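Observations on the three-dimensional arrangement
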Amino acid sequence: MPAKEKLKRKQSISAVRPSKTNIRRRDDDNGIEVGEGADEWTQTRTLLKPPDQLDLTDAELKEEITRILTANNPHAPQNIVRYSFKERAYKQTTVVEQVAVHFSLCGNLIFRDSDEGRRQSIRKSMADDSLLLDSKSVGSTAIPNGAPHAKSLSHYVFFLLQAAAPEEEEEQIRPRPVQERKLTNQFNFSERASQTFNNTVRVGVPLGWWEIYDAYMEELEKLEKSKEKEKQKAPVTKKEDLIRGRKLTSLESEGDDITKMAKAAKIMERMVNQNIFDDIAQDFKYYEDTSDEYRDNMGTLLPLWKFQYEKAKRLAVTALCWNPKYKDLFIVGHGSYDFMKQSRGMLLLYTLKNPSFPEYIFNSESGIMCLDIHVDRPYLIVAGFYDGNVAIYNLKKPVDSQPGYKSSAKSGKHSDPVWQVKWQKNDMDNNLNFFSVSSDGRIVSWTLVKNELVHTDIIKLLVEGTTLEGPEGLQLNTIGCGTSFDFHKKIDYLFLVGTEEGKIYKCSKSYSTQFLDIFHAHHMAVDAVSWNPFHGKVFISCSSDWTVKIWDHTIKTPMFIYDLNSAVGDVAWAPYSSTVFAAVTTDGRAHVFDLSINKYEPICNQPVVAKKRNKITHIQFNAIYPIIIIGDERGHVTCLKLSPNLRKMPKEKKGQEVQKGPEVEIAKLDKLLNLVREPVAKGTK
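Residues numbered from 1 in each chain as written. Predicted model: local features only at pLDDT ≥ 70, side-chain atom pairs only at ≥ 80, totals over all residues. Heavy atoms only, no water.

Looking now at the overall build of the protein chain. Secondary structure assignment for the protein chain yields 10 helices and 32 strands. A buried classification covers 34% of the 685 residues belonging to the protein chain. Considering only residue pairs separated by 6 or more positions, the protein chain has 45% of its internal contacts joining residues 24 or more positions apart. Surface summary for the protein chain: the accessible area is close to 48700 Å², and the carbon and sulfur share equals 54%. (Helix = DSSP H or I, 4+ residues; strand = E, 2+ residues; numbered from the N terminus. Buried < 20%, exposed > 50% of the residue type's maximum accessible area, 1.4 Å probe, protein only. Contact = heavy atoms within 4.5 Å. Areas by Shrake-Rupley, 256 points an atom, 1.4 Å probe, with all protein chains shown as cover.)

Moving on: the UniProt feature "repeat: WD" (unreviewed entry) in the protein chain. Per the UniProt annotation, the sites labelled "repeat: WD" (unreviewed entry) are residues 519-552. For residues 519-552, the end-to-end C-alpha separation is 11 Å, with 0% helix and 59% strand making up the annotated structure. (UniProt positions renumbered as here; feature names shortened; annotations may be inferred.)

Turning our eyes to something else, we now look at the nonpolar core. Generally speaking, soluble globular proteins have nonpolar side chains that are buried together. Judged by nonpolar contacts, the single largest core of 22 residues is most densely connected at Trp305, Phe307, Phe330, Leu352 and Val637. Every element with two or more residues in this core is listed here: α9 (278-286), β3 (301-307), β4 (316-322), β5 (329-335), β6 (345-351), β31 (627-632) and β32 (637-642). (Core = buried A, V, L, I, M, F, W, Y, C linked by side-chain atoms within 4.5 Å.)

A few words on the environment of Phe487. Tracing the sequence through the fold places Phe487 in strand β18 (residues 482-487). By relative accessible area, Phe487 is classed as buried at 6%. Remark: the alpha-carbon pair of Phe487 and Trp423, spanning 64 residues in sequence, is separated by 9.7 Å. If we ignore the near neighbours within four places in the chain, the residues touching Phe487 are Lys422, Gln424, Phe435, Asp492, Leu494, Phe495, Lys509 and Trp531.

Considering the arrangement of structural elements, one finds Asn614 in the loop between β29 (604-607) and β30 (616-621). With relative accessibility at 5%, the residue Asn614 sits in the buried group. For Asn614, the side chain forms a polar contact with the main-chain nitrogen of Glu633, separated by 3.2 Å. When near neighbours in sequence (up to four residues on either side) are disregarded, Asn614 contacts Thr586, Val609, Asp632, Glu633 and Arg634. (Polar contact = N/O pair within 3.5 Å; in protein donor to acceptor, adjacent residues only side chain to side chain.)

Where a strand is regular, its side chains alternate between the two sheet faces. Side chains Cys604 and Gln606 of β29 all project onto a buried face; the interleaved residues Asn605 and Pro607 project onto a face where none is buried. Examined bridge by bridge, strand β28 (residues 589-594) and β29 share four bridges and lie antiparallel to one another. The partner of Arg589 across the bridge, within β29, is Pro607. (Pairing = 2+ DSSP bridges.)

With that out of the way, let us pick up empty space enclosed by the protein. Over the atoms, a rolled probe matching the size of one water molecule traces out where space is still vacant. According to the stated counting rule, one finds two cavities of 30 Å³ or more in the structure shown. Considered as a void within the structure, the largest cavity measures approximately 50 Å³ in volume. Residue lining of the largest cavity: His488, Lys489, Lys490, Trp531, Asn532, Pro533, Phe534, His535 and Gly536, and that is the complete set. (1 Å grid on protein atoms, 1.4 Å probe; cavity = no way out; pocket = protein on both sides within 12 Å on 5 of 7 lines; lining within 4 Å. Points joined across faces, edges and corners; volume = space filled by probe spheres on them.)

According to the stated counting rule, one finds 29 aromatic pairs in the structure shown. Consider the rings of Tyr83 and Tyr90, whose centres lie 5.1 Å apart with planes at 70°: the pair is edge-to-face. The exposure class assigned to Tyr83 is partly exposed, which follows from its relative accessible area of 37%. When its relative accessible area of 60% is taken as the criterion, Tyr90 is described as exposed. Taking 5.3 Å as the distance between ring centres and 70° as the angle between the ring planes, the aromatic pair formed by Phe284 and Tyr625 counts as edge-to-face. Taken together, the positions of Phe284 in helix α9 and Tyr625 in the loop between β30 and β31 put the pair 341 residues apart, joining distant regions of the chain. In this structure Phe284 comes out as buried when scored by relative accessible area, which is 17%. Tyr625 gets classed as partly exposed once you look at its relative accessible area, which sits at 32%. Members of the aromatic cluster, each reached through a chain of ring pairs, are Phe560, Tyr562, Trp573, Phe581 and Phe593. The ring of Tyr379 is capped by Lys396, whose NZ or CZ atom sits 4.2 Å from the centre of that ring. The residue whose ring lies beneath Lys406 is Phe385, and the NZ or CZ to ring-centre distance is 5.1 Å. (Phe/Tyr/Trp six-rings, centres within 6.5 Å; stacked < 30°, edge-to-face > 60°. Lys NZ or Arg CZ within 6 Å of the ring centre and 35° of its normal.)

This part covers the sheet that holds strand β19 (residues 494-499). Reading across from one edge, β18-β19-β20-β21 is the order of the four strands in this open sheet, with antiparallel pairing throughout. Among the strands making up the open sheet, the edge pair consists of β18 and β21 (517-520). The sheet shows a mean angle of 20° between the axes of neighbouring strands, direction not considered. (Axes fitted to C-alpha atoms, helices over the stretch in contact; angles between N-to-C directions.)

Before going further, it helps to examine the confidence of the model for the protein chain. Confidence in the prediction of the protein chain, expressed as mean pLDDT, is 78, and 73% of residues score 70 or more. Per-residue pLDDT stays below 50 along residues 13-38; that stretch engages in 11 contacts with residues further than four places along the chain or on separate chains. Within the model, pLDDT remains below 50 along residues 236-248, and this stretch shows three contacts once partners closer than five positions in the same chain are excluded. (pLDDT = per-residue confidence, 0-100.)

Here we take up the sheet that holds strand β8 (residues 368-373). The strands making up a sheet associate through hydrogen bonds between their backbones, and the pairing can be parallel or antiparallel. Read across the sheet, four strands follow the order β8-β9-β10-β11 without closing on themselves; strand pairing throughout is antiparallel. Because the sheet does not close on itself, it has two edges, and the strands there are β8 and β11 (405-406).

Turning our attention to the pattern of salt bridges. Summed over the entire model, instances satisfying the criterion amount to 18 salt bridges. The shortest N-O distance in the salt bridge between Asp440 and Arg442 comes to 3.7 Å. Judged by relative accessible area, Arg442 falls into the buried class, the value being 13%. Here Asp517 ties to Lys556 by a salt bridge, and the two come within 3.3 Å at their closest N and O atoms. Remark: Lys556 occurs in the loop between β24 (547-552) and β25 (560-563) and Asp517 occurs in strand β21; sequence separation between them is 39 residues. (Salt bridge = Lys/Arg side-chain N within 4 Å of Asp/Glu carboxyl O.)

Turning our attention to a nonpolar patch on the surface. On the surface, a nonpolar cluster with roughly 510 Å² of combined accessible area is contributed by Val81, Tyr83, Phe85 and Tyr90. Relative to the assigned elements, Val81 resides in strand β1 (residues 81-84). (Patch = residues over 30% accessible without salt bridge, like charges linked within 9 Å, V, L, I, M, F, W, Y side chains within 5 Å.)

A separate point is unusual backbone geometry. With a phi angle near 60°, Asp296 is a residue other than glycine that sits in the positive phi range. As for its position among the elements, Asp296 is in the loop between α9 and β3. Of the residues examined, Asp296 reaches a relative accessible area of 65% and is grouped as exposed. The backbone of Trp546 sits at a positive phi, close to 80°, despite the residue not being glycine. With respect to the helices, strands and loops of the structure, Trp546 is situated in the loop between β23 (538-543) and β24.

In terms of strand pairing, strand β14 (residues 442-449) meets strand β15 (residues 452-460) through eight bridges, oriented antiparallel. Paired with Trp446 across the two strands is His455, which belongs to β15.

Before going further, it helps to examine the side chain of Thr579. As for its placement among the helices and strands, Thr579 is situated in the loop between β26 (568-573) and β27 (580-585). There is a polar contact of 3.2 Å between the side chain of Thr579 and the side chain of Ser577. Setting aside chain neighbours within four positions, we find Thr579 in contact with Phe593, Asp594, Leu595, Ser596, Lys668, Leu669 and Leu672.

Here is the structure:
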């Protein structure tokens, strides 16, 4: 190349290449200093720092911070609680599942060496052979119609040999099918020894000894009946047997005729009684005393029927109870309150449809002191006797076999008269259950198990402050005498007990050694105590000290006190109003109160028994009809109708509906109680 051209080329390259001064100026603009020559990239450079970066010292920068990566799941819960069947309590588990599955897919790959893999490979090869034979022919050899598709001539020769062999050899040559071996699941394996035994689920009612006994007894009765039928069919040879057979057949025929005529006779008897007492039936149904409008809120009692039985004249009425299902039917217990003249007792069932004669008659060796009818089974009646026994009567069974169940000294009967009995809800095993109270201070729960009455002492009444020191330093407690009790309408475990000492104990079924509260209510025996059917806090009590008192069980002082100038035998709340109650006294008078009308005096004070020597013992309201029944010492039961003023309901206002129901009754009684409580509250302030 000539020298001139070389010089021109150098000048052009120098013009294109930037100079060192230009490079340094450009780097200065960018903030980077670069030295001259080839070592410009090894020069130190300034780093850009964010404004919020921490300034650490050299020691902090050189400090090593170790972090361990574990397989634990940071989001796994650490407070899982599970029930321990061994300890019968909830325990916190220490083992927590740390595995978190993010993706799961079931594959369909199969090992070639497995049985299923071999089968699929054989099927695939057979399918390939069939496709190959369809597309091409195998030389000039003719293949029979029955031969399978062969991959080559050797396959066809093998087929001909198999066809020529006998059937027996064919069976020997044919390979046996290989049984598949069941493989265990390696991912969800459970050792048999670690598996717990699960109890079998029982369907139906568990079988008990008493059910087996009843089944055997039914079978025995069937066998006896079949034997009697065979005896009747067998010929009678002797004259005596003939005479006996004739007598039996005549008695049976008479019994059948009587049972057929009994229903018709009962209907005829009721028709005759309705005709005889037609005027009383009309008064019961339609009569309303119009003179109440001029009596200034005072009312009267209209006598209707008088129930009496000839054989119960000398026995006092000791118990009255309406049937909860059949509203015209009530039971009467007869005994004696004269403890020096105790004899027999009677249980009678009357109906308003036939006031002349009782429907059922049951006799007892001891006097009946109390009665109660089961709410769900109105054919079951429980009775308490003067000798301390309790018994259950079943109206579905014959009268001769009554009572069906009775206590005894062996089964834990009371040692003193039983003053009150009350049915309660069935126990956990659905057995019938009732309570009783007696003068021996025991409150007992009776349960019907295996056709026997089993007793459990709930509480024993002990008089406080009467502990005496006996011989050798022994302490003797005075036992209280229970005379009446009543259970709360809504709170199952709560009940009240009245005693002969005049105290009322508030008790619980759960506590057998102490009382919830003690009310120093009366100076003499508490004859009756009863919860209000509407208000859950209010109850009433009456005593032989001539007083009737209304209480709030949260306050130890009575809300209302009424002096009736004679011993009060019984008291009862009205079922239609929370403020109406009635009491009877031994002077033969009935007193009806309505607190919403008059808080100080009764609105009806009327003599029911004519003779002065006759005393009234009990009173009961009917749940539907505006009537009451009153029993006396002569064995008579009188039915009376309440006049309109004794059962006043709220008046209808124009454009407003009359409010009814338990809430209205509760508010009405609360209003009266607040009036009584206000002066006490002001005095305390």
